[in-house]
Amino acid sequence: MTLAELARLLGGELCGDGGVRVCRVSPLPEAGPEALSFAVDDRYFPAARASRACALVVPQRIPDLDRPQIVVKNPCLALAQALRIFSPEPEIEPGISPLASVSDSAVLGLGVKIHPFVYIGEGAKIGARSEIYPHCYLGPGTEIGEDCRIYSRVSIREGTRMGSRVIIQDGAVIGSDGFGYAREGEEYRKIPQVGIVEIEDEVEIGANVTVDRATLGRTLIRKGTKIDNLVQVAHNVEVGKNTIIVAQVAIGGSCRIGDGAVLAGQVAVADHVEIGAGAQVGGQSGVLRDVPPGAKVSGTYAMPLFDWLRVQAILPRLPAMWKEMREIREKLSRNEKSGRVCSPNRPKKIRSKKKPSRGRKT
Amino acid sequence: MTLAELARLLGGELCGDGGVRVCRVSPLPEAGPEALSFAVDDRYFPAARASRACALVVPQRIPDLDRPQIVVKNPCLALAQALRIFSPEPEIEPGISPLASVSDSAVLGLGVKIHPFVYIGEGAKIGARSEIYPHCYLGPGTEIGEDCRIYSRVSIREGTRMGSRVIIQDGAVIGSDGFGYAREGEEYRKIPQVGIVEIEDEVEIGANVTVDRATLGRTLIRKGTKIDNLVQVAHNVEVGKNTIIVAQVAIGGSCRIGDGAVLAGQVAVADHVEIGAGAQVGGQSGVLRDVPPGAKVSGTYAMPLFDWLRVQAILPRLPAMWKEMREIREKLSRNEKSGRVCSPNRPKKIRSKKKPSRGRKT
Amino acid sequence: MTLAELARLLGGELCGDGGVRVCRVSPLPEAGPEALSFAVDDRYFPAARASRACALVVPQRIPDLDRPQIVVKNPCLALAQALRIFSPEPEIEPGISPLASVSDSAVLGLGVKIHPFVYIGEGAKIGARSEIYPHCYLGPGTEIGEDCRIYSRVSIREGTRMGSRVIIQDGAVIGSDGFGYAREGEEYRKIPQVGIVEIEDEVEIGANVTVDRATLGRTLIRKGTKIDNLVQVAHNVEVGKNTIIVAQVAIGGSCRIGDGAVLAGQVAVADHVEIGAGAQVGGQSGVLRDVPPGAKVSGTYAMPLFDWLRVQAILPRLPAMWKEMREIREKLSRNEKSGRVCSPNRPKKIRSKKKPSRGRKT
């Protein structure tokens, strides 16, 4: 493919020789003379200059570069497009494997592909052109939209509803029972989880993720949200549109996550918490209270990001502070004893010398 | 169903018209005129007054409520019962799918249901009325009790023993090899994991949980314990009766968790730690030392819950403390220089004070 | 087996009667009169003395012990060997189950064992004597080396390459799509993940682990590395040789983990971070910056281990520090008011009385 064609497909402005031939996309350091590469922002310009790529996609023209450039508004998006151009998805060959177990009452759309060892329960519906990989379990009454891709070994439990163009990576579980029990004496009795999970269009769910069904009603993941691997979404959670939930996040029961929010890796959100639209939660944070829309918070007991960064900056100085405080205390007490500062109204008892008993242990 | 019948089934006291017809259970805000709803404690009384539910289940009579009420001792338990009444579990139709692979030497109890693509190894035993969903793997010599429900894609490795009325959610792995290696130079040699996993009656295990087999002996989960999704239980762990282990907890090798303990989400327990009966560990805590029975602890280096809450309250003020300490230091030094406080017996070196040594730390 | 034979097999020095018969290996407290047991280091010597084991494997002779001992250099390694002697791995019976789905273009080595319900895609290659347990998915073009053991329900996605003697525990996903999106307005567009995963010889991967394929190029796990359950390895990560990655660790995109590093449980490593060879990261740490080779770090905002321990020691005293600081401030202000310390150049405003607004809430 020539660079001129590529510039047109990416909707970019070509600077340089459009006749250059491009055979692949490569990262900057590994690019050879037939590879196109990407400098997503100006931090990558030095690497771009050093790269052997035959041409570069850039957000603005790199001065003094001796190779052709394609200037685009959104280089990340152009990267996505270019990768698809050079590695097109294999055409799916529609068909239902004779090694699958498909209920007679299931309804399969046109062009559906069902791989071996797939189980499809009673009354399930699968939209046109969706592909179900080996070892998937689709419980009774599940509904899958059009053009979905359900990778290997995904469990979709009874009653789950899913929109179109949804992608689910291998091993995910959608619709497992929520974690709900009533205490009776020392024992716990299961609260039946009779709700469902609903997943809207263009959601992507990572490998080995778990999304629990609602106790009553539904657990809901709205359009365009992307969930990374090993995330836990508890019962009755409502996740907004176009949110990003990074690996190993745990979202407690009945939480609401607003549109466009971002939860970084290993965040935990306590039950019933509401995270506002566009809020961003730093990695490993513990969110115990509502987070306002647009806020950036972080920390084990999540606080505003800027405060958290300041706390983290001081934290390593804590032992020095402790030491200095003792020195100040002693200096003050010496001064008083020496009579130079002898306040008549000085309180008899100078308190708080006592160390917290547990402090020692921890 | 009439309210009077329902009150009788829930063992509650009816206040109001017993002839009211109830068709379903709904959450307070969504309840329509034919729905029963629940006010689990008095925090929900305002929502109960505002709800359109035709009747309410309550722990004590809500005054001035214009609708019938059923007063019960334990509304959560009544909720569990009511949900089961309106959403009875589907009757299982016993039978062994011809698409399953069942060893000739396996022993299956009466009324067992084996779904397609289940693999049952040599010498496995499955108790009466247990249901094994599609894609489950039951290794050689596994034993499953009566009335168990093993959802789709569960792996139960060789030798695992399981009591009755156990529920395992989809994708869980029971009996994978423990993480044990002997170092030899730079390399690690696998220590064979020749023990088993034993799970007692009425345990429930969440989706994509992993429970490792013991190196020697057994990993044990006692009666009535409930484990949420994506939890890791390492080799040789012993979990007591009726404990609650919330999502994404990791329990290190050879730990002992006492009866009735509660581990909140994302807790990590280091190897060989003992957590006493009835202890409660706050979310995301790191437990590096034994926790006494009944204690409530929290924190990355877990400390008593009340101490932890106080630390968390002060933590955001740490930068202010740092600044103020500098000001105090400067003021003291100014005062000294100005001669007003000039102690002749002031020691030359103000250092003093041992740095907190290793002993302090733990 | 006699103790003399065993000493020879373990390469140890026998002290005592070599004619003693040994039937099994048991932990010290549970060992009966026919069991061999292990005192891995001197902390276990008291337990060894109290044990009923007929003989002991020890790193040095325990004085005054009335039973035979085998002295070895590396008791952990000897334990691994002895367990294998008494619990030999079952011989695999080669063969391809008629219930498996194997592509005609797949190439299977001699002595391979393929269990029921395994799916093997086009062009896959499996080396001699490898065993693939039920419900595994091997995508098109995957390559597995010799003597591998892939336990039940493992997904190995298209193009994955794997060396020899690799062990993968149940439910793991190798080669799921990396978590990469380009933002376009409010929405996210998938960046195709066209790279692969490569796993070298003697790697072991735990149950329900997820390893993402690279966006471009490869995600790489080098020889001899051991990964515990429920770990997340993101796209384009490179993990060195002989590293130890404990349960529930999350490694962000494009990270490099050096040879011989150890990441304890629930560690999170941010994208693009480099952890040096031999570095050790404490449990639950958050690693946001590069870690030098050989360093030991810990903490939410990982710092050197020793600093972190000191911070953790002071942390519980934070409320006491806060209180004392207030008292010091008041004392200084009283002294100044009483005229005894009346610095003429005292600043008009004594700052930092302001409490941080968020602090109050916690």
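One can find the structure itself at the top, above this paragraph.
Structure report, in brief. Note that the structure is predicted; figures quoted are calculated from it, not measured.

Within chain A one finds 6 helices and 38 strands. Considering only intrachain contacts with a sequence separation of at least 6, the fraction spanning at least 24 residues in chain A is 17%. For chain A, the accessible surface area stands at approximately 14500 Å², while carbon and sulfur atoms represent 50% of it. For chain A, the distance from the average position of its 49 positive side-chain charges to the average position of its 41 negative side-chain charges is 16 Å.

All right, on to the packing of helix α1 (residues 3-10) of chain C against helix α3 (residues 75-86) of chain C then. All names here are of chain C. Interhelical geometry of α1 versus α3 gives an angle of 125° and a closest axis separation of 10 Å. When the interaxial angle is binned, α1 and α3 end up oblique. In terms of crossing hand, the pair formed by α1 and α3 is right-handed. Contacts between α1 and α3 involve L6, L9 and L10 from the first element and A78, Q81, A82, I85 and F86 from the second. Partitioning the contact of α1 with α3 into residue classes produces 7 nonpolar, 1 polar and no charged.

The subject of this paragraph is the relation of the copies chain A and chain B. Aligned on chain B, chain A shows an RMSD of 0.1 Å; the corresponding rotation is 120° and the shift along the axis is 0.0 Å. Classification of the inter-copy transformation places it as that of a three-fold axis.

One frequent convention defines the size of an interface as the accessible area lost when the parts assemble. Chain A puts 78 residues into the contact, and the matching count from chain B is 76 residues. Where chain A touches chain B, the interface holds 3 salt bridges. E324 of chain A is the partner of R329 of chain B in a salt bridge, and the nearest nitrogen-oxygen pair spans 2.3 Å. At the boundary of chain A and chain B, one finds 28 residue pairs in polar contact (both at pLDDT 80 or more). For the side of chain A that touches chain B, the elements supplying multiple residues, two or more each, are β19 (173-176), β20 (181-184), β21 (187-190), β24 (210-212), α4 (305-314), α5 (318-337) and α6 (357-361) of chain A.

Residue and element names in this part refer to chain C. Taken in spatial order, the 5 strands make up an open sheet running β1-β5-β4-β3-β2, and their pairing is mixed. The sheet is open, and its two borders are formed by β1 (13-15) and β2 (24-25), each paired with just one other strand. As paired strands, strand β4 (residues 55-58) and strand β5 (residues 69-71) are joined by 3 bridges and run parallel to one another. Across the sheet, residue V57 finds its bridge partner in β5, namely I70.

Before going further, it helps to examine the state of the cysteines. Note on terminology: disulfide describes a covalent bond linking the sulfur atoms of two cysteines. Here the structure, examined in full by the defined rule, presents 0 disulfides over all chains. Free of any disulfide, C255 of chain B has its nearest neighbouring cysteine sulfur in C76 of chain C, separated by 18 Å. Of all cysteine sulfurs, the one in C23 of chain C lies closest to C54 of chain C, which takes part in no disulfide; the gap is 7.8 Å.

This next bit is on the packing of aromatic side chains. Geometrically, a pair of aromatic rings is defined through the distance of the ring centres and the angle of the planes. For the coordinates displayed, the defined rule picks out 15 aromatic pairs over all chains. On the basis of an interplanar angle of 80° and a centroid distance of 5.7 Å, the ring pair of F117 of chain A and F117 of chain C is categorised as edge-to-face. Within this pair, whereas F117 of chain A is found in the loop between β9 (113-114) and β10 (119-120), its partner F117 of chain C is found in the loop between β9 (113-114) and β10 (119-120), the two belonging to separate chains. Accessibility assignment for this pair places F117 of chain A and F117 of chain C in one class, buried. Ring geometry for F179 of chain B against Y181 of chain B: centres 5.1 Å apart, planes inclined by 80°, an arrangement best described as edge-to-face. Using a relative accessible area of 18% as the deciding quantity, one classes F179 of chain B as buried. Aromatic ring contacts, followed pair by pair, group Y119 and Y137 of chain A together with Y133 and Y151 of chain B into a single cluster. The side chain of R157 of chain A reaches across the aromatic face of Y151 of chain B, ending 3.8 Å from its centre.

Per the counting criterion, the structure on display carries 69 salt bridges over all chains. Where R157 of chain A meets E158 of chain A, a salt bridge forms, and the shortest distance between an N and an O atom there is 2.9 Å. A relative accessible area of 0% places R157 of chain A in the buried class. Here E158 of chain A falls in the partly exposed class, since its relative accessible area comes to 27%. With a shortest N-O distance of 3.5 Å, E89 of chain B and R84 of chain B are connected by a salt bridge. When its relative accessible area of 39% is taken as the criterion, E89 of chain B is described as partly exposed. Linked through salt bridges whose partners overlap, the residues forming this network are R157, E158, D177, K190 and R213 of chain A together with D170 and E204 of chain B.

With 20 residues, helix α5 (residues 318-337) of chain B extends 29 Å from end C-alpha to end C-alpha; this agrees with the ideal 28 Å at 1.5 Å per step. The set of residues buried in α5 of chain B consists of L318, P319, M321, W322, E324, M325, I328, K331, L332, N335 and E336 of chain B.

This part is about the interface of chain C and chain B. Opposite the 73 residues of chain C that make contact, chain B presents 78 residues. Of the roughly 6600 Å² buried where chain C meets chain B, counting both sides, 64% is carbon and sulfur surface. Contact with chain B buries area across many residues of chain C, yet R153, W322 and M325 of chain C alone supply 9% of it, more than any other trio. Linking chain C with chain B are 3 salt bridges, by the criterion used here.

This part covers unusual backbone geometry. Located in the positive-phi region is N208 of chain A, a residue other than glycine, with phi close to 55°. Within the secondary structure, N208 of chain A sits in the loop between β23 (204-205) and β24. Take N208 of chain A: its relative accessible area is 0%, and that puts it in the buried class. The backbone of D64 of chain C sits at a positive phi, close to 60°, despite the residue not being glycine. Looking at the secondary structure, you find D64 of chain C in the loop between β4 and β5.

Each pair of packed helices can be described by the angle between their axes along with the distance between the axes. Helix α5 (residues 318-337) of chain C packs onto helix α4 (residues 305-314) of chain B with a crossing angle of 50° between their chain directions and a minimal axis gap of 8 Å. The angle between α4 of chain B and α5 of chain C places the two elements in the oblique class. Only L318, P319 and W322 of chain C of α5 of chain C make contact with α4 of chain B, whose side of the interface consists of R310, V311 and I314 of chain B. When its residues are assigned to classes, the contact of α4 of chain B with α5 of chain C shows 5 nonpolar, no polar and 1 charged.

Attention now goes to a positive patch on the surface. On the surface, R310 and R317 of chain A together with K323 and R326 of chain B cluster together into a patch of positive charge. Within the element layout of this structure, K323 of chain B appears in helix α5. Classification of K323 of chain B as partly exposed rests on a relative accessible area of 33%.

Turning next to a negative patch on the surface. Among the surface-exposed residues, E91 and E93 of chain A together with D104 and E122 of chain C lie close enough to one another that they form a single negatively charged patch. One can find E93 of chain A in the loop between α3 (75-86) and β6 (95-96).

All names here are of chain A. Judged by pairing direction, the sheet is parallel, and its 10 strands sit side by side in the order β7-β10-β13-β16-β19-β24-β27-β30-β33-β36 without closing on themselves. Of all the strands in the sheet, the pair left with one neighbour each is β7 (101-102) and β36 (286-287). Bridge count between strand β16 (residues 155-156) and β19: 2 bridges; the pairing is parallel. Note that in β19 the partner of S155 across the bridge is V173.

Each value, and the rule that gives it
- The residue numbers shown here count from 1 along each chain, following its written sequence.
- The order in which chains are written sets their letters, starting at A; the order in which ligands are written sets their numbers, starting at 1.
- Totals for whole chains, interfaces and linings use every residue, but because this is a predicted model, local features are given only for residues with pLDDT of at least 70 and side-chain atom pairs only at 80 or more, for both listing and counting.
- Water and hydrogen atoms were dropped before computing side-chain values, which therefore reflect all heavy atoms in the structure.
- Elements are defined by DSSP. Helices are runs of H or I of four residues or more, strands are runs of E of two residues or more, and each kind is numbered from the N terminus.
- The contact rule is simple, with two residues in contact once any of their heavy atoms fall within 4.5 Å.
- Using a 1.4 Å probe, accessible areas were evaluated by the Shrake-Rupley method; residue-level cover was limited to the displayed protein chains.
- A positive count includes Lys and Arg, and a negative count includes Asp and Glu. His and the chain ends are not counted in either.
- By convention, charge coordinates are those of NZ in Lys, CZ in Arg, CG in Asp, or CD in Glu.
- Axes here refer to lines fitted to C-alpha atoms; in helices the fit is confined to the stretch in contact. Angles between the N-to-C directions go from 0 to 180 degrees.
- Roughly parallel means an angle under 35 degrees; roughly antiparallel, over 145; roughly perpendicular, 65 to 115; everything else is oblique.
- Each crossing is labelled by how the near helix is turned from the far one, with a counterclockwise turn of less than a right angle marking it left-handed and a clockwise turn marking it right-handed.
- Amino acids are sorted into nonpolar (Ala, Val, Leu, Ile, Met, Phe, Trp, Tyr, Cys and Pro), charged (Asp, Glu, Lys and Arg) and polar (every other residue, Gly among them).
- Copies overlap after least-squares fitting; the atoms used are the C-alpha atoms of residues with pLDDT of at least 70 in both.
- Each salt bridge in this description consists of a side-chain nitrogen of Lys or Arg and a carboxyl oxygen of Asp or Glu lying within 4 Å of one another.
- Here a polar contact is taken to be a pair of N or O atoms separated by no more than 3.5 Å, where protein atoms must pair a possible hydrogen donor with a possible acceptor and residues adjacent in sequence count only if both atoms sit in side chains.
- Strand pairing is defined by DSSP finding a minimum of two bridges between the two strands.
- Whenever a pair of cysteine sulfur atoms sits within 2.5 Å, that pair is classed as a disulfide.
- Ring pairs shown here join Phe, Tyr and Trp side chains whose ring centres sit within 6.5 Å, with only the six-membered ring taken for Trp; geometry is labelled stacked below 30 degrees between planes, edge-to-face above 60, and tilted in between.
- Throughout this description, buried means an accessible area under 20% of the type-specific maximum (1.4 Å probe, protein chains only), exposed means over 50%, and partly exposed covers the range between.
- Charge over a ring is defined by NZ of Lys or CZ of Arg lying within 6 Å of the ring centre and within 35 degrees of the ring normal.
- Here the expected length of a helix is defined as 1.5 Å per residue gap, with one fewer gap than residues.
- A quick way to say it: buried area is the sum, across both parts, of accessible area lost when two parts are put together, with a 1.4 Å probe.
- Note that patches include only residues with greater than 30% relative accessible area and no salt bridge, and the join distances are 9 Å for like charges and 5 Å for nonpolar side chains (Val, Leu, Ile, Met, Phe, Trp, Tyr).

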